[in-house]
Amino acid sequence: MDKSACGCCLMQRQMSRMEMYFNMTLNELQVNLQRAEAALRNLRASRSAFSVALTNTRGCTGPYREETILVYKHIFTNLGTNYNANTGIYTAPRSGVYNLALTVYSDAGSPGATLAACVRLRINGAVRASPGENNMQDQEDSTSVTLAVRLNAGDTVDVVLPAGCFLCDDQSHHNIFSGFLLYPTD
């Protein structure tokens, strides 16, 4: 047996093992890359954040004789387009924990007049928070509320103006409704 041929065969076997190991490692890397890309696509598809103001012009909304859903017309951001600017309703795109924030402001118009800055934050029609001021002690006032809530995919969130309440806004955007997905639970 020729020793040089034997060394060559040994080297060829070693290279064959290295090639097999390299191909296995490459395949594992490709599978992991595909999983990471799928997770990133899923994350991007589920991003949801909105921040809207009542209006961009000076004026008041309400008072109305009955409860009315507020439609926030000035959109700062609507990532995922889950806030409907025609209806004022936000629809959760997926199950998860969401942050919801609401600030309301009103101006009674003159000292001694009744100030009725009040709203109701609802999830699927059920009231979750009712920030407001209803008094005759001051001419203008504001209040805010922030909630972390668990929503299911398809749940709706809106803000209603109760009968007799009114909000005033202008280009300073005193009345803001915002929300975003903190993390998914599905």
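To start, this report covers the structure provided alongside it.

**Some points on the overall build of the protein chain**
Here is step 1: Looking only at helices and strands, one finds one helix and 15 strands in the protein chain.
Here is step 2: Out of the 186 residues belonging to the protein chain, those deemed buried represent 34%.
Here is step 3: For the protein chain, contacts bridging at least 24 residues in sequence account for 74% of all contacts bridging at least 6.
Here is step 4: With the model as given, the accessible surface of the protein chain reaches about 11,100 Å², and the carbon-plus-sulfur share is 54%.

**What to know about the environment of A117**
Here is step 1: As for its placement among the helices and strands, A117 is situated in strand 8 (residues 115–118).
Here is step 2: In this structure A117 comes out as buried when scored by relative accessible area, which is 2%.

**Considering the side chain of S178**
Here is step 1: The residue S178 is located in strand 15 (residues 176–184) in this model.
Here is step 2: Given a relative accessible area of 16%, S178 falls into the buried group.
Here is step 3: Among all residues touching S178, those that are not within four sequence positions of it are F50, S51, V52, N99, L100 and A101.

**Examining unusual backbone geometry**
Here is step 1: The phi torsion at N124 lies on the positive side, around 50°, for a residue other than glycine.
Here is step 2: Structurally, the position occupied by N124 is in the loop between strand 9 (120–123) and strand 10 (126–129).
Here is step 3: Phi angles above zero are rare outside glycine, and H173 is one such case at about 60°.
Here is step 4: Looking at H173, the relative accessible area reads 14%, which means it is buried.

**Comments concerning the state of the cysteines**
Here is step 1: Counting across every chain of the model gives one disulfide.
Here is step 2: Covalently, C118 is tied to C165 through a disulfide, its sulfur atoms 1.6 Å apart. Between C118 and C165, the S-S dihedral sits near -85°, and the bridge is therefore left-handed. Of this pair, C118 sits in strand 8 while C165 sits in the loop between strand 13 (156–161) and strand 14 (167–169), and the two are 47 residues apart along the sequence.

**Here's the deal with the environment of T87**
Here is step 1: Position of T87 relative to the elements: it lies in the loop between strand 5 (83–84) and strand 6 (89–91).
Here is step 2: When the C-alpha positions of T87 and I69 are compared, they lie 7.8 Å apart, and in sequence the two are 18 residues distant.
Here is step 3: Setting aside residues no more than four positions away along its own chain, T87 makes contact with I69 and V71.
Here is step 4: Within the structure, the side chain of T87 is placed 3.3 Å from the backbone nitrogen of I89, a separation counted as a polar contact.

Cut-offs and rules
- Residues numbered from 1 in each chain as written.
- Predicted model: local features only at pLDDT ≥ 70, side-chain atom pairs only at ≥ 80, totals over all residues.
- Heavy atoms only, no water.
- Helix = DSSP H or I, 4+ residues; strand = E, 2+ residues; numbered from the N terminus.
- Buried < 20%, exposed > 50% of the residue type's maximum accessible area, 1.4 Å probe, protein only.
- Contact = heavy atoms within 4.5 Å.
- Areas by Shrake-Rupley, 256 points an atom, 1.4 Å probe, with all protein chains shown as cover.
- Disulfide = S-S within 2.5 Å.
- Polar contact = N/O pair within 3.5 Å; in protein donor to acceptor, adjacent residues only side chain to side chain.

Such coordinate-based values are descriptive only and should not be taken to indicate function.
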